[in-house]
Amino acid sequence: MSKREVLDAIAAGVPTSGPRTVHVDVTNACNAACITCWDHSPLLTEPRPPAWKKRRIELATFARLVEDLAAMGSVRAVILSGMGDPLVHPDIYEMIALVKARGWHLTVMTNLIAADIARLVANVPDQVLVGVHGATPRAYSAFHPGWDEREFNVLCAHLRALAKTPARVRHVQVINRDTAPELVDMIGFGARFRADRVNFKLASLYGGTESCRIDDVQRRWLADDAIPRARARSAELGVATNLDLFAQQLAAGVEDDNAIVPIAEVGCFQGYVYTRITASLDVLYCCNTEVRVGSLDDGPVSQLWRGPAWEALRAQLRRGEYPLGCERCGKFEQNVEWSRRVREELGEAVWREVTGADRARVPARLPVIA
């Protein structure tokens, strides 16, 4: 599906083909207990129940999903992740092979520790997003309670192996009280393992994890000292980063990366290009787990994609009526890009029509139609 076809579908309000990107959470299980994690942190006041943590997509179900997506003829990219870590799934390498066999661009999001690195390298994804969170064993073990320099050394060995492959390996560095002191060193760590990019983000904190956020002293130090030095270091070593965006986030004074975004000024276009499927087989309109359009138990994605729940949500968002959670849109950058394309290629009048700009409401507790 070309970008022009997507634009025509947005203008008409009716998808002419299926999603371009499909994000699949293959498991809720995780081998880590990251201190900031909403699902596995030891700081959570209401931990996830054991039954939830055991949920995963079975290989046969995943194979049927791949067949269905292939029949839609629109998919270009697949993301494999989890509310835990996808590499703990017992059939993950078979899943990777199924996706790669279709020629789709494959991204795997992982902490990398559970990798059978020989199998991963043998059929390497196009992109690997590695949750690193630290540049030394000190910060790494503080961020990952229960892990120590042994896991850090495993991470380094696996990153070294991936650096010898064609995969684009991106480091994700969540910044909290434990990792903030190593922000500059994270640039050198990225260079050491030939990272395609190092992405920084403030920890998104909730449900008891708020106690590990950066303090005011760290915030000032990051803005005034660490970020300028990190910029200089990245230029010196040739490491791409998102430091400009991270600096803006700090300057805005937000407490974490759940900053309010002006979604009503941009519009939502995910209903024409993207879907996410959870380990519980819920089919989501976007990355927001509350905006559900059905379940694989109800039918295949190809059937749900043009079903009443999805159509109703497209119409709702086209009116500028945003469900709760859209004010913290996890696909905001992608929506900004599609918004720009619609404006430039279809014109201001069409943009205002498809975004409901003249009647848009700031996200509130609107009902989700599903």
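Structure first, text after, so check above.
This structure is a prediction, so every number in the text was calculated from the model and none was measured.

About the cut-offs
All residue numbers refer to positions counted from 1 along the written sequence of the respective chain. Where local features are concerned, this predicted model is filtered to residues with pLDDT of at least 70; where side-chain atom pairs are given and counted, the filter is 80 or more; whole-chain, interface and lining totals use all residues. Side-chain measures were taken over the full set of non-hydrogen atoms in the model, leaving aside hydrogen atoms and water. A pair of strands is considered paired only if DSSP assigns at least 2 bridges between the two. Only DSSP runs of H or I covering at least 4 residues are called helices, and only runs of E covering at least 2 are called strands; the numbering of each starts at the N terminus. Note on method: axes are straight lines fitted to C-alpha atoms, helices fitted across the in-contact stretch only, with angles between N-to-C directions ranging 0 to 180 degrees. Whether two residues are in contact is decided by their heavy atoms: any pair within 4.5 Å suffices. When the centres of two rings from Phe, Tyr and Trp lie within 6.5 Å, Trp using its six-membered ring, the rings pair. Their planes under 30 degrees apart give stacked, over 60 give edge-to-face, and anything left gives tilted. For each residue, the accessible area found with a 1.4 Å probe, counting protein chains only, is set against the maximum for its type, and the residue is called buried under 20%, exposed over 50%, and partly exposed in between. Only lysine NZ and arginine CZ atoms are considered, and such an atom sits over a ring when it is within 6 Å of the ring centre and within 35 degrees of the ring normal. One speaks of a salt bridge when a side-chain nitrogen belonging to Lys or Arg is within 4 Å of a carboxyl oxygen belonging to Asp or Glu. Just so you know how the angles are binned, under 35 degrees is roughly parallel, over 145 roughly antiparallel, 65 to 115 roughly perpendicular, and the rest oblique. Polar here means any residue other than Ala, Val, Leu, Ile, Met, Phe, Trp, Tyr, Cys and Pro, which are nonpolar, and Asp, Glu, Lys and Arg, which are charged; Gly is therefore polar. By nonpolar core we mean a set of buried residues, namely Ala, Val, Leu, Ile, Met, Phe, Trp, Tyr and Cys, connected to one another through side-chain atoms within 4.5 Å.

1. Points about the sheet that holds strand β5 (residues 168-175)
Adjacent strands of a sheet pair through backbone hydrogen bonds, lying either parallel or antiparallel. Spatial strand order, β6-β5-β4-β3-β2-β1-β7-β8-β9: 9 strands in an open sheet with mixed pairing. In this open sheet, the two strands that pair with only one neighbour each are β6 (197-202) and β9 (292-295). The sheet shows a mean angle of 20 degrees between the axes of neighbouring strands, direction not considered. The pairing of strand β7 (residues 274-277) with strand β8 (residues 282-284) spans 2 bridges and is antiparallel. Counted as the bridge partner of Ile277 is Val283 from β8. Sheet contacts for helix α3 (residues 59-72): β1 (21-27), β2 (77-82) and β7; angle to β1, the most-contacted strand, approximately 175 degrees.

2. With respect to the packing of aromatic side chains
This structure, assessed with the given rule, holds 7 aromatic pairs. Measuring from centroid to centroid gives 5.4 Å for Tyr140 and Phe152, while their planes differ by 65 degrees, and the two rings are edge-to-face. Of the two residues, Tyr140 is situated in helix α6 (residues 137-143) and Phe152 in helix α7 (residues 149-162); the sequence distance between them amounts to 12 residues. Across the pair, exposure class does not vary: Tyr140 and Phe152 are buried alike. Among the aromatic residues, ring-to-ring pairing joins Tyr140, Trp147, Phe152, Phe189 and Phe193 into one connected group. For the cation-ring pair, Arg48 lies above Trp52, with the distance from its terminal atom to the ring centre recorded as 4.1 Å. Between the NZ or CZ atom of Arg314 and the centre of the ring of Tyr272, over which it lies, the distance is 5.8 Å.

3. Examining the environment of Pro323
Counting through the fold element by element, Pro323 comes out in the loop between α12 (308-318) and α13 (332-346). The spatial distance from the C-alpha of Pro323 to the C-alpha of Glu290 is 9.0 Å, given a sequence separation of 33 residues.

4. Some thoughts on unusual backbone geometry
Unlike most non-glycine residues, Leu112 shows phi in positive territory, near 80 degrees. Summarising the element assignment, Leu112 is placed in the loop between β3 (105-110) and α5 (117-122). Positioned with a positive phi, Arg194 is a non-glycine residue whose angle comes to about 55 degrees. Inspection of the secondary structure assignment puts Arg194 in the loop between α8 (183-192) and β6.

5. Comments concerning the pattern of salt bridges
Applying the stated rule across the entire model yields 23 salt bridges. In this structure, Arg56 engages Glu58 in a salt bridge whose closest nitrogen and oxygen atoms are separated by 3.6 Å. Notably, a salt bridge pairs Arg170 with Asp196, separated by 2.9 Å at the nearest N-O pair. Of the two residues, Arg170 sits in strand β5 while Asp196 sits in the loop between α8 and β6, which places them 26 residues apart along the sequence.

6. Thoughts on the packing of α3 against helix α4 (residues 92-101)
The interhelical angle for the contact between α3 and α4, taken along N-to-C directions, is 10 degrees, at an axis separation of 10 Å. One finds that α3 runs roughly parallel with respect to α4. Contacts between α3 and α4 involve Leu59, Phe62, Ala63 and Val66 from the former and Glu94, Met95, Leu98 and Val99 from the latter. For the contact of α3 with α4, the per-class residue count stands at 7 nonpolar, no polar and 1 charged.

7. A short note on the nonpolar core
Among the nonpolar cores identified, the biggest contains 93 residues, and Leu80, Ile175 and Leu183 are the most heavily contacted of them. Sequence-distant contacts of Ile175, that is, excluding residues within four places in its chain, are made with Ala180, Leu183, Met186, Phe200, Lys201, Leu202, Ala203, Ile214, Leu222 and Phe246. In terms of nonpolar packing, the next biggest core, distinct from the first, is built from 13 residues, Val6, Leu7, Leu346 and Trp351 among them.

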